[in-house]
Amino acid sequence: MTESLRLRISDLTALLARVVVGVVFIAHGLPKATDLNGTAQGFEAMGIPFPQFSALLGAAIEVGAGIALIIGFALPLAGLALAFMMGGAYFFVHVGDPLVGGFELPLVLAAAALALGFSGGRYSVDRLLPWGRVRQESRTSESVPA
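How each quantity is defined
- Residues numbered from 1 in each chain as written.
- Predicted model: local features only at pLDDT ≥ 70, side-chain atom pairs only at ≥ 80, totals over all residues.
- Heavy atoms only, no water.
- UniProt positions renumbered as here; feature names shortened; annotations may be inferred.
- Axes fitted to C-alpha atoms, helices over the stretch in contact; angles between N-to-C directions.
- Helix = DSSP H or I, 4+ residues; strand = E, 2+ residues; numbered from the N terminus.
- Left-handed = near helix turned anticlockwise from the far one by under 90°.
- Contact = heavy atoms within 4.5 Å.
- Nonpolar A, V, L, I, M, F, W, Y, C, P; charged D, E, K, R; others polar.
- Parallel < 35°, antiparallel > 145°, perpendicular 65-115°, else oblique.
- Buried < 20%, exposed > 50% of the residue type's maximum accessible area, 1.4 Å probe, protein only.
- Core = buried A, V, L, I, M, F, W, Y, C linked by side-chain atoms within 4.5 Å.

Looking at an unreviewed UniProt entry, one finds the chain named DoxX family protein and attributed to Nocardiopsis exhalans. According to the UniProt record, the Sequence similarities (unreviewed entry) comment for the chain is "Belongs to the DoxX family." Quoted verbatim from the Subcellular location (unreviewed entry) field of UniProt, the annotation for the chain is "Cell membrane".

In structure tokens form, the structure reads like this:
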């Protein structure tokens, strides 16, 4: 397998992973966004501080950063925001739960969001923006003594 083909496959699998993980976050965020009052009541029952604000923030991060992850915009920020959300889900809802049937989904989503945020591949909006362009390093060939 050539290096070029390997890089293309790597970028395609990163794109696929970003789409899948982003869709999962959006699927969890849309119900929060469409019923902020119900979400706030649920957050209050779980002991989450500032439940109205937390419901709005949670919906905005899951939907907004989920979309950003899919299209590849501000990937490090999106990855950090989503991982932060999953940290909050663990802290407020899953502390003391077992791994299986407990906190495995927030754990996997947090790790995936971080990984994709910092290595989301070349097929992204970020690549079109100044901060996403790869800088060309000047390569000098080292001479090997004969």
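**Q** Go over the packing of helix α3 (residues 51-71) against helix α4 (residues 75-94), please, and point to the residues and values.
**A** With their axes 9 Å apart at the nearest point, α3 and α4 run at an angle of 145 degrees to one another. Considering only the axes of α3 and α4, their crossing is left-handed. Contacts between α3 and α4 involve G58, I61, E62, A65, G66, A68 and L69 on the former and, on the latter, L75, A78, A81, L82, M85 and M86. Residue composition of the contact of α3 with α4, grouped by class: ten nonpolar, two polar and one charged.

**Q** Which residues make up the packing of helix α1 (residues 3-34) against α3, and what values do they have?
**A** Between α1 and α3, whose axes approach to 7 Å, the crossing angle comes to 160 degrees. Overall, the two elements α1 and α3 adopt an arrangement that is roughly antiparallel. With respect to the hand of their crossing, α1 and α3 are arranged in left-handed fashion. Among the residues making up the contact of α1 with α3, the classes are represented as 14 nonpolar, five polar and three charged.

**Q** Outline unusual backbone geometry, listing residues and values.
**A** Unusually for a residue other than glycine, F50 sits at a positive phi of about 45 degrees. Checked against the element boundaries, F50 lands in the loop between α2 (36-45) and α3. For F50, a relative accessible area of 65% gives the class exposed. The backbone of A74 shows a phi angle near 50 degrees, a positive value even though the residue is not glycine. Examined against the element boundaries, A74 turns out to sit in the loop between α3 and α4.

**Q** So, the UniProt feature "transmembrane region" (unreviewed entry) in the chain: which residues are in play, and what are the values?
**A** Taking the UniProt record as the reference, the feature "transmembrane region" (unreviewed entry) is found at residues 12-30, 50-70, 77-93 and 105-125. Measuring from the first to the last C-alpha atom of residues 50-70 gives 29 Å, for a span that is 95% helix and 0% strand. Between the first and last C-alpha atoms of residues 105-125 the distance is 27 Å; the span itself is 67% helix and 0% strand.

**Q** So what's going on with the nonpolar core? Residues and values would help.
**A** The biggest cluster of nonpolar side chains holds 16 residues, and the ones touching the most others in it are V21, F25, L69, L82 and M86. In terms of residues, this core owes the most to one element, α4, which gives six residues. Among all residues touching M86, those that are not within four sequence positions of it are F25, E62, P106, L109 and A110.

**Q** Can you lay out the environment of L129 for me, pointing to particular residues and giving the numbers?
**A** Mapped onto the elements of the fold, L129 is located in the segment after α5 (99-118). Classification of L129 as partly exposed rests on a relative accessible area of 23%. A C-alpha to C-alpha distance of 27 Å links L129 and G29, two positions 100 residues apart in sequence.

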